[in-house]
Amino acid sequence: MAEGTHVLDKPPPGAAADWTIPQNWAHYTREEHETWDKLFERQAKLLPGRASEAYLRGLDVLKLSKPGIPDFEELSERLMKLTGWQVVAVPGLVPDEVFFDHMANRRFVAGNFIRRPDQLDYLQEPDVFHDVFGHVPMLADPVFADYLAAYGRGGLRAMEYDALKYLGRLYWYTVEFGLIEEADGLRIYGSGIVSSFAESRFALDDPSPNRIRFDLARVMRTQYRIDDFQQNYFVIPSFDELLRVTVETDFAPLYRAIGGKPDIQIGHIMPDDSVITTGTQEYARSRRGEQQAVLA
Ligand code: PHE
Ligand code: FE
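From a predicted model like this one, the values you see are computed outputs, not experimental measurements. (Residues numbered from 1 in each chain as written. Chains lettered and ligands numbered in written order. Predicted model: local features only at pLDDT ≥ 70, side-chain atom pairs only at ≥ 80, totals over all residues. Heavy atoms only, no water.)

Participant: Please give an account of the sheet that holds strand β3 (residues 179–182) that cites residues and values.
Facilitator: Pairing within the open sheet is mixed, and its five strands lie in the order β4-β3-β6-β5-β7. The sheet terminates laterally at β4 (185–188) and β7 (275–277), the two strands that pair on one side only. For this sheet the average axis-to-axis angle between neighbouring strands, irrespective of direction, equals 35°. Sheet analysis places strand β5 (residues 210–213) next to strand β6 (residues 232–236), joined by four bridges and oriented parallel. The residue bridging Ile212 from the neighbouring strand is Phe234, located in β6. (Pairing = 2+ DSSP bridges. Helix = DSSP H or I, 4+ residues; strand = E, 2+ residues; numbered from the N terminus. Axes fitted to C-alpha atoms, helices over the stretch in contact; angles between N-to-C directions.)

Participant: I'd like a rundown of the environment of Arg211, residues and numbers included.
Facilitator: Mapped onto the elements of the fold, Arg211 is located in strand β5. A C-alpha to C-alpha distance of 5.9 Å links Arg211 and Asn232, two positions 21 residues apart in sequence. Beyond its immediate sequence surroundings of up to four residues, Arg211 is in contact with Leu179, Leu186, Phe202, Ala203, Leu204, Asp205, Asp206, Tyr233, Val235, Val275, Ile276 and Thr277. (Contact = heavy atoms within 4.5 Å.)

Participant: Talk me through helix α7 (residues 164–176); I want residue IDs and the actual numbers.
Facilitator: Relative to the 18 Å expected for 13 residues at 1.5 Å per residue, α7 spans just 16 Å between its end C-alpha atoms, considerably shorter than the ideal helical length. Of all the 13 residues making up α7, eleven are buried; the element is thus mostly covered by neighbouring parts of the structure. Buried within α7 are the following residues: Tyr166, Leu167, Gly168, Arg169, Leu170, Tyr171, Trp172, Tyr173, Thr174, Val175 and Glu176. (Expected span 1.5 Å × (residues − 1). Buried < 20%, exposed > 50% of the residue type's maximum accessible area, 1.4 Å probe, protein only.)

Participant: Describe the site of ligand 1, with residues and values.
Facilitator: Surveying the vicinity of ligand 1 reveals the residues Tyr147, Ala150, Tyr151, Gly154, Arg157, Leu170, Thr246, Val247, Thr249, Asp250 and Phe251. Separating an oxygen atom of ligand 1 from a side-chain N or O atom of Arg157 is a distance of 2.5 Å. Its free accessible area being 330 Å², ligand 1 has 91% of it covered by the protein chains. Take the shell around ligand 1: its biggest share by element is five residues, from helix α6 (residues 142–160). Tallied by class, residues from the shell around ligand 1 come to six nonpolar, three polar and two charged. (Near = heavy atom within 4 Å. Polar contact = N/O pair within 3.5 Å; in protein donor to acceptor, adjacent residues only side chain to side chain. Areas by Shrake-Rupley, 256 points an atom, 1.4 Å probe, with all protein chains shown as cover. Nonpolar A, V, L, I, M, F, W, Y, C, P; charged D, E, K, R; others polar.)

Participant: Account for the packing of α6 against α7, with residues named and values stated.
Facilitator: In contact at an axis separation of 9 Å, α6 and α7 are set at 165° when each is read in the N-to-C sense. Relative to α7, the element α6 lies roughly antiparallel. Two packed elements cross with a definite hand, and for α6 against α7 that hand is left-handed. Touching Phe144, Tyr147, Leu148, Tyr151, Gly154, Gly155, Ala158 and Met159 of α6 are Leu164, Leu167, Gly168, Leu170, Tyr171, Thr174 and Val175, all from α7. A breakdown of the residues in the contact of α6 with α7 according to their chemical character gives eleven nonpolar, four polar and no charged. (Parallel < 35°, antiparallel > 145°, perpendicular 65-115°, else oblique. Left-handed = near helix turned anticlockwise from the far one by under 90°.)

Participant: Lay out the environment of Gln231 with the relevant residues and their values.
Facilitator: Within the secondary structure layout, Gln231 lies in the loop between α10 (216–220) and β6. For the pair Gln231 and His33, spaced 198 residues apart in sequence, the C-alpha to C-alpha distance is 33 Å. Not counting residues up to four positions away in its chain, the partners in contact with Gln231 are Pro209, Asn210, Arg225, Ile266, Gly267, Gln281 and Ala284. Separated by 2.9 Å, the side chains of Gln231 and Arg225 make a polar contact.

Remember that the coordinates give geometry; whether it matters functionally is a separate question.
This is how it looks when you write it as structure tokens:
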């Protein structure tokens, strides 16, 4: 999913120096392939009319509907021809600089394990379904492919400025939970939404969350929750515009400026926001008390 807190500081036994491990495709059990198929079928039915054109095109051109967990080698071959990206397996979370370095070099790091059959609806750590079904179709889009590679380079740079907290929020609110405004209305493209049965409806249809037009500095100041549906979604006008604004902006002065300002709390609307939907926050209210928010 996103870069986060990392447990290990050197590659575990069996991993290469760059932290990659073999996907071991031949070792998946029938039950594991069936879990993928079940998840795939459920989401593929839900996404037309909800997911962005670019995402749906990616799903199609990468032939992800082929039954069973995709073989990373086969997938990488298709992806490489389209946008120069590859998919490589890693053992869970890797150190930030490893994550960014792979990304800057157009290698998308993915988990190779799949959730258990009793975890179809929710899983905290990113498995192969989230990573491949959620992220990889967008990498078939040339503009988004450039965005993610630029993000990787930006990550290495943000480490020098000690600004990962801010850059990580950009990832969260675009790559993981982004919405886009298309001719026919809002669509989802964030991997955390498209790979979730419940949130792929919630993000578009529920009256609870705010939907706010994307603004780079605003997003970087905004806290997020990692344990439940989002209370804010940020809406980009196009992938071209997302790429343009992030590549053309020098983040160093932005990090400095934001560093002097307080965080914006989740669910909060700012006077300068260009709001598409003001959420009722009803869902968040109903969940409060049930559980404590985990903020990042
Ligand atoms: N322009 C950013 C910087 O100066 C780099 C970047 C590009 C970050 C695209 C994210 C996405 O650091
Ligand atoms: Fe993810």
